[in-house]
Every structure is written in C-alpha cells, then in structure tokens.
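Architecture at a glance
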Amino acid sequence: MVSKNYICLFGPFNTEIGVVGRFYLHLCSSCRKIVPLKAVMSQPQPSDEPLITDNLESLKEGEIFVDKETGKKYRVKKTILPHYASAGPHGLGDPDDRTLRRIEADVIIPNRMNARIEKVECHESYMGLINCMREKGAVKGLKLCKPELDVFNHCKFLKFNDTEFRERMTEEYLQERSEARRTGMTARQRKLEAYREWKKEHESG
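One structure accompanies this document, and this report is about it. Not measured: the values here are computed from a predicted model. Going along each chain's sequence as written, the residues are numbered from 1 onward. In keeping with the model being predicted, local features are shown solely for residues with a pLDDT of at least 70 and side-chain atom pairs are shown and tallied solely at 80 or more, while totals for entire chains, interfaces and linings include all residues. Excluding hydrogens and water, the side-chain figures rest on all heavy atoms present in the structure.

We now examine the overall build of the chain. The helix and strand tally for the chain stands at seven helices and eight strands. Within the chain, buried positions represent 21% of all 205 residues. For the chain, contacts bridging at least 24 residues in sequence account for 38% of all contacts bridging at least 6. Summed over all atoms, the accessible surface of the chain reaches about 15,500 Å², with 54% contributed by carbon and sulfur. Going along the chain from the N terminus, every DSSP run of H or I of four or more residues is numbered as a helix, and every run of E of two or more is numbered as a strand. Per-residue accessibility, obtained with a 1.4 Å probe over protein chains only, is compared with the maximum for each type, and a residue is labelled buried under 20%, exposed over 50%, and partly exposed between these values. We call two residues in contact when some of their heavy atoms are within 4.5 Å. Accessible areas in this description were obtained via Shrake-Rupley with a 1.4 Å probe; residue shielding takes into account the shown protein chains only.

This is how it looks when you write it as structure tokens:
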C-alpha cells in the first residue's frame, strides 16, 4: 500500500488503510481516528518566492521586487531607517504613520512643550522671572529672583505632568510631521512658499 502525506483535521497522519466506495480511509497518527479522504487536504508545498513580509535583506539596491500577492512592483532602496520612516511620496516617511522615535518622544516633543509653556501656558510667571532678572541683573538676580523662579518652576512642573497637555502637543507634532512628509516641506517652508505665491499674484495683478 502506498503511503501518502496528508494533514488530518485532527492532526498529521500518513497511513492509508483501505478504500470504502469512492473514499480512501486513513488512520490519523495523532488522534488514532479513521477519516475519509474528503476530510483531509494535501499539504501545500512551500514557495521559494519571497513575500513582502519576509526578510528581504538579501535583495540588492535598485533591484525590482514583485509582490506575488498583489502584483505590485517595488524598487529596493537600502536605508538604516525603518520602512515607515523612509517611505512616503518624498522618501521622508509614511504620512499616516504615528510611530514616535525615541528622540521625538524624549527630546523634540518636550522641547516643544517647554516653548509652549514659556510663550502661552506659564507666560505670566515666565515674564515675571525675566523682568526680575533684568531689574536685578544677571548675577544678583540668581539670588534675589528665587521667588519668581519658584513660581515659574511650579507652573512648569504642573504642565509637564499634565497628560492632556502632552497628548495635545504630541498630536500637534504628529499632524505637522504628517504634512511635512506629505508635501516634502516643513511648516516654515510652506509658509514661505505661500507668501511667494501671494506676492506673485499681487505683482501680476
């Protein structure tokens, strides 16, 4: 009797024990149950073609990779950055990606929070400290302006520990980064480009 490799619904087996009508009967080596051929399926043969989810490090720079599932073609681009940080229409990253790198979470966003605190959230106490330092001088102010410094530091401490404030600043940063990745220009560059367009329209008019 010929032994065949199949996958049982209950487990693997490879023992063919007989025929009943149009069905082959097989004995499952795992559950020891006799099952007909229609309850089994042939084990699929693994394909040698790489999938887009595989490790594609072996591909060379500039090589064309075809995803056999979708038929889409991709040109291989070697980079030390992850895919979501180097993809997108301008190679700056995926505009819809919301992943934060460590430097963004630990440096960039806290710096933006600090700038917003000084300009908006704790502006009054911050300006009180600045005016005191201007009045007393840089050297004497270190000692004489401690009350103003304590007020500002307390306000700053509360804001840095305010999760809602941090989430709002993070969302603003993600939206700005997304637009920069989508257009290939920073917010300052977009403003400059808008001004140039405005100037061109008014000069021509």
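On to the pattern of salt bridges, then. When a carboxyl oxygen of Asp or Glu lies within 4 Å of a side-chain nitrogen of Lys or Arg, that pair is called a salt bridge. Inspection of the entire model under this criterion finds twelve salt bridges. The shortest N-O distance in the salt bridge between K159 and E121 comes to 3.2 Å. Pair noted here: K159 is in helix α5 (residues 146-160) and E121 is in helix α2 (residues 102-121), with a separation of 38 residues, a long-range link. Exposure remark for E121: the relative accessible area of 27% places this residue in the partly exposed category. When salt bridges with common partners are traced through the structure, they connect D97, E104, R177 and R181 into a single cluster.

Another point: the environment of E171. Note that E171 resides in helix α6 (residues 163-183). Linking E171 and I109, residues 62 residues apart in sequence, is a C-alpha distance of 9.9 Å. Within the local environment of E171, its side chain forms a polar contact with the side chain of R98, the two groups lying 2.6 Å apart. Definition of a polar contact: a pair of N or O atoms within 3.5 Å, with one able to donate and the other able to accept a hydrogen when the atoms are protein atoms, and with sequence-neighbouring residues admitted only if both atoms are side-chain atoms.

Moving on, we come to α2. The largest bend in α2 amounts to roughly 25° and is located at I108, with the proline P110 lying one to four residues further along. Restricting attention to buried positions, one finds in α2 the residues E104, I109, P110, M113, N114 and I117. In the core, the buried residues of α2 are packed alongside α3 (123-136), α5 and α6. To get the bend at a residue, fit one axis to the 7 residues ending there and another to the 7 starting there, then take the angle between the axes.

So, about the state of the cysteines. Pairs of cysteine sulfur atoms within 2.5 Å are identified as disulfides in what follows. A full pass over the atoms with the stated rule returns two disulfides. C122 shares a disulfide with C155; S-S distance 1.8 Å. Measuring handedness by torsion sign, the sulfur bridge of C122 and C155 sits at about -85° and is left-handed. Taken as a pair, C122 in the loop between α2 and α3 and C155 in helix α5 lie far apart in primary sequence, 33 residues in all. In this model, C132 is linked to C145 through a disulfide, with the two sulfur atoms separated by 2.0 Å. Between C132 and C145, the S-S dihedral sits near -95°, and the bridge is therefore left-handed. Of this pair, C132 sits in helix α3 while C145 sits in the loop between α4 (138-144) and α5; the two residues are 13 residues apart in sequence, bridging distant segments of the chain. Each member of the pair, C132 together with C145, is buried. Counting only the cysteines that take part in disulfides, in the order they occur along the chain, gives the pairing 1-4, 2-3.

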